[in-house]
Amino acid sequence: LRAAAYFSSLAGVRHVILVLSGKGGVGKSTITAELALALRHAGKKVGILDVDLCGPSIPRMLSATRRDVHQCDSGWVPVYADAEKSLALMSVGFLLDDPDEAVVWRGPKKTAMIGQFVSDVAWGELDVLLVDTPPGTSDEHLAILENLKKLKVADGAVLVTTPQAVSTGDVRREATFCKKTGLRILGIVENMSGFVCPHCSECSNIFSKGGGEELAKLTGCPFLGCVPLDPQLSASLEQGKDFLKSFPDSATFSAISGITKTLLNSLQTKE
């Protein structure tokens, strides 16, 4: 029965991509949300599985807070962020009675919750399922990989870093984790790569620049591109708005679109 549940939950999902980083605060959820929106704008049906159990930010970023998760014969029905049902979400944030409630769980309970997320969500037909993960290389990461491998190995991972050496050092350990677990690295994204002035649109390298590209060279991984610190992007995420729809002429839009196109080409090459 459990094997049948795994089959039914992910049978219609063409690609599974994990968004990883060995360090917190680099913007994994931001990159996950914007990749999902960019893929949706490219005509793809997308899902986000938020396994950052202690900090579930995806519902707020996509204006889907205080939504109820319902049951069907196949399991939990994901929450849809759009009327067309082209962007499906599942997060522990939907299961909490109080959004300010702390998730104080030990490892085994986290592992069990991730197992349920993989086996019991009725995703239906999806082109891409993005998995937003917490920082680190331990329980949650191992749990999601072990559960995915019961049906299919994930297509790969996108690693997110910021330019500083203190960040790229942690993300380099994440690359080692991927190699040890046999998870293909689809590429590295350098987030917060410069600051875009909201007045003149000039980009200043507050956190330095080039660390992500250098990390890609050191690890032999593809470099997907840079995403700057953009106040318009931050405001859109805070308000749960679609940045890509609101600011199509921005440099940040071009950066995210370019990363998404490269990622899609990588997935098509794998097929």
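Cut-offs and rules
- Residues numbered from 1 in each chain as written.
- Predicted model: local features only at pLDDT ≥ 70, side-chain atom pairs only at ≥ 80, totals over all residues.
- Heavy atoms only, no water.
- UniProt positions renumbered as here; feature names shortened; annotations may be inferred.
- Helix = DSSP H or I, 4+ residues; strand = E, 2+ residues; numbered from the N terminus.
- Buried < 20%, exposed > 50% of the residue type's maximum accessible area, 1.4 Å probe, protein only.
- Contact = heavy atoms within 4.5 Å.
- Areas by Shrake-Rupley, 256 points an atom, 1.4 Å probe, with all protein chains shown as cover.
- Lys, Arg positive; Asp, Glu negative; His and termini not counted.
- Charge placed at Lys NZ, Arg CZ, Asp CG, Glu CD.
- Axes fitted to C-alpha atoms, helices over the stretch in contact; angles between N-to-C directions.
- Left-handed = near helix turned anticlockwise from the far one by under 90°.
- Nonpolar A, V, L, I, M, F, W, Y, C, P; charged D, E, K, R; others polar.
- Phe/Tyr/Trp six-rings, centres within 6.5 Å; stacked < 30°, edge-to-face > 60°.
- Core = buried A, V, L, I, M, F, W, Y, C linked by side-chain atoms within 4.5 Å.

For the protein chain, an unreviewed UniProt entry supplies the name NUBP iron-sulfur cluster assembly factor 2, cytosolic and the organism Hippocampus comes. One UniProt comment on the protein chain, placed under Subunit (unreviewed entry), says "Heterotetramer of 2 NUBP1 and 2 NUBP2 chains. Interacts with KIFC1. Interacts with NUBP1." Its UniProt record gives the protein chain the following Function (unreviewed entry) comment, quoted word for word: "Component of the cytosolic iron-sulfur (Fe/S) protein assembly (CIA) machinery. Required for maturation of extramitochondrial Fe-S proteins. The NUBP1-NUBP2 heterotetramer forms a Fe-S scaffold complex, mediating the de novo assembly of an Fe-S cluster and its transfer to target apoproteins. Negatively regulates cilium formation and structure."

Colleague: So what's going on with the overall build of the protein chain? Residues and values would help.
Modeller: Scanning the protein chain from terminus to terminus reveals 10 helices and 11 strands. Seen along its three principal axes, the alpha-carbon backbone of the protein chain occupies a region of about 55 × 40 × 40 Å. Counting all 271 residues of the protein chain, 54% fall into the buried class. Long-range contacts, defined as pairs at least 24 residues apart, comprise 79% of the intrachain contacts of the protein chain with a sequence gap of at least 6. Surface accessibility of the protein chain: about 12,300 Å² in total, with carbon and sulfur atoms responsible for 51%. Distance between charge centroids for the protein chain: 5 Å, based on 28 positive and 30 negative side chains.

Colleague: An account of the packing of helix α6 (residues 165–181) against helix α7 (residues 211–219) is needed here, citing residue identities and associated values.
Modeller: Look at α6 against α7: their axes get within 11 Å of each other, and the N-to-C directions meet at 35°. In this structure, the crossing between α6 and α7 has a hand that is right-handed. For the pair α6 and α7, the contacting residues are Thr 168, Val 171, Arg 172, Ala 175 and Lys 179 in the first and Gly 211, Gly 212, Leu 215, Leu 218 and Thr 219 in the second. Class assignment for the residues of the contact of α6 with α7 results in four nonpolar, four polar and two charged.

Colleague: Could you give me a rundown of the packing of aromatic side chains, with the residues and numbers involved?
Modeller: The final tally for this structure, using the stated rule, is two aromatic pairs. A ring pair is formed by Trp 76 and Phe 117, whose centres lie 5.9 Å apart and whose planes are at 65°; its orientation type is edge-to-face. Here Trp 76, found in strand β4 (residues 75–77), pairs with Phe 117, found in helix α4 (residues 107–119); they are 41 residues apart in sequence, far enough to count as distant. Considering the side-chain rings of Phe 243 and Phe 247, the 5.3 Å spacing of their centres and the 35° angle between planes classify their relative orientation as tilted.

Colleague: Let's hear about the UniProt feature "binding site: [4Fe-4S] cluster" (unreviewed entry) in the protein chain: which residues, and what values?
Modeller: With numbering aligned to this structure, UniProt lists the feature "binding site: [4Fe-4S] cluster" (unreviewed entry) at Cys 197 and Cys 200. Relative to the helices and strands, Cys 197 resides in the loop between β9 (185–196) and β10 (203–204). Note on placement: Cys 200 falls in the loop between β9 and β10.

Colleague: Explain the nonpolar core to me, using residue names and the numbers behind them.
Modeller: Of all hydrophobic cores here, the largest spans 76 residues; its most connected members are Leu 18, Leu 49, Phe 117, Trp 123, Leu 130, Ile 144 and Leu 159. With seven residues, helix α2 (residues 28–41) is the single largest residue contributor to this core. Ignoring any residue separated from it by four or fewer positions in sequence, one finds Leu 130 in contact with Ile 17, Thr 32, Leu 35, Ala 36, Leu 39, Val 46, Gly 47, Ile 48 and Leu 49.

Colleague: Break down unusual backbone geometry for me, with residues and values.
Modeller: Here the phi dihedral of Ser 63 falls at roughly 55°; this positive angle occurs in a residue that is not glycine. Position of Ser 63 among the secondary structure elements: in the loop between α3 (58–61) and β3 (70–72). Positive phi outside glycine occurs at Arg 66, with the angle close to 55°. Take Arg 66: it is sitting in the loop between α3 and β3.

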